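Chains, contacts and geometry: an overview
Read off the chains here:
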Amino acid sequence: MLKTHLIISAASLLLFASCSEKQEKQDIIVPAPKAEVKKGPQQMKPIKQEREVTWLGKEYTVFVLRNVDKNLPQVKDENGQEYYDNAIEVNVKRADGTDAFRRKFTKKDFSSCAGSSNVAKEGGLLGIVFDRVEGNNLVFAVSVGSPDVQSDAFVPLVMKIDRTGNLSMSQDTQIDSSADDEYEEDGV
């Protein structure tokens, strides 16, 4: 019995030693998950912004309101998921509450300067954000692109409203100077 026990123990040690020497690399490669296309059109959340500004020596309040407009043609993200597009109202009010400027914008208003990329053609109107006062102009950052909140595919635009309510629009080709300032402060 002791002899059998010793033989089994010796065989186990040999088996263990041979297994430890034969360690093979076994990487498991799993394909990336495919984006799930949800059923039916999705929609972006409504957004309301309000900002006090001094423009032309007077106080104004700039309101920007983004809402889904189900009457507009539907748009798509990079995965083909359909979304309802947005309409965005920009309202500039004087201190007495009267409108200095009021207009509702859709993606179509920016089609001449958004370019012909797929993201501009198939994407939606993502946002209009007041940026700054520049001389006689109110300057807004505008984005047209993929409605998926996790996407960074968009076309940056600049919209200016002058003192008489005239609009000018163009692609934003300037690098954000605030990002450059951060690098200079860090010594990079």
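About the criteria used
- Residues numbered from 1 in each chain as written.
- Predicted model: local features only at pLDDT ≥ 70, side-chain atom pairs only at ≥ 80, totals over all residues.
- Heavy atoms only, no water.
- Salt bridge = Lys/Arg side-chain N within 4 Å of Asp/Glu carboxyl O.
- Helix = DSSP H or I, 4+ residues; strand = E, 2+ residues; numbered from the N terminus.
- Buried < 20%, exposed > 50% of the residue type's maximum accessible area, 1.4 Å probe, protein only.
- Pairing = 2+ DSSP bridges.
- Phe/Tyr/Trp six-rings, centres within 6.5 Å; stacked < 30°, edge-to-face > 60°.

**Topic: the pattern of salt bridges**
- For the structure on display, the rule yields seven salt bridges.
- Across the pair Glu134 and Lys160 runs a salt bridge whose closest N-O atoms are separated by 2.9 Å. Of this pair, Glu134 sits in strand S7 (residues 124–134) while Lys160 sits in strand S9 (residues 154–161); the two residues are 26 residues apart in sequence, bridging distant segments of the chain.
- Overall, the relative accessible area of 25% leaves Lys160 in the partly exposed class.
- Three or more residues joined by partner-sharing salt bridges are found here, namely Glu89, Lys93, Asp99 and Arg102.

**Digging into the pairing of strand S1 (residues 47–55)**
- The pairing of S1 with strand S2 (residues 58–68) spans nine bridges and is antiparallel. Pairing of Thr54 across the sheet is with Glu59, part of S2.
- Between the end of S1 and the start of S2, which pair antiparallel, lie two residues, with Leu56 showing a positive phi angle near 60 degrees.

**What to know about the packing of aromatic side chains**
- Evaluated as defined, the whole model comprises three aromatic pairs.
- Consider the rings of Phe130 and Phe140, whose centres lie 5.5 Å apart with planes at 75 degrees: the pair is edge-to-face. In this pair, Phe130 is assigned in strand S7 and Phe140 in strand S8 (residues 137–145), connecting sequence segments ten residues apart.
- The exposure class assigned to Phe130 is buried, which follows from its relative accessible area of 9%.
- A residue is classified by how much of its surface remains accessible, and Phe140, at 0% relative accessible area, is buried.

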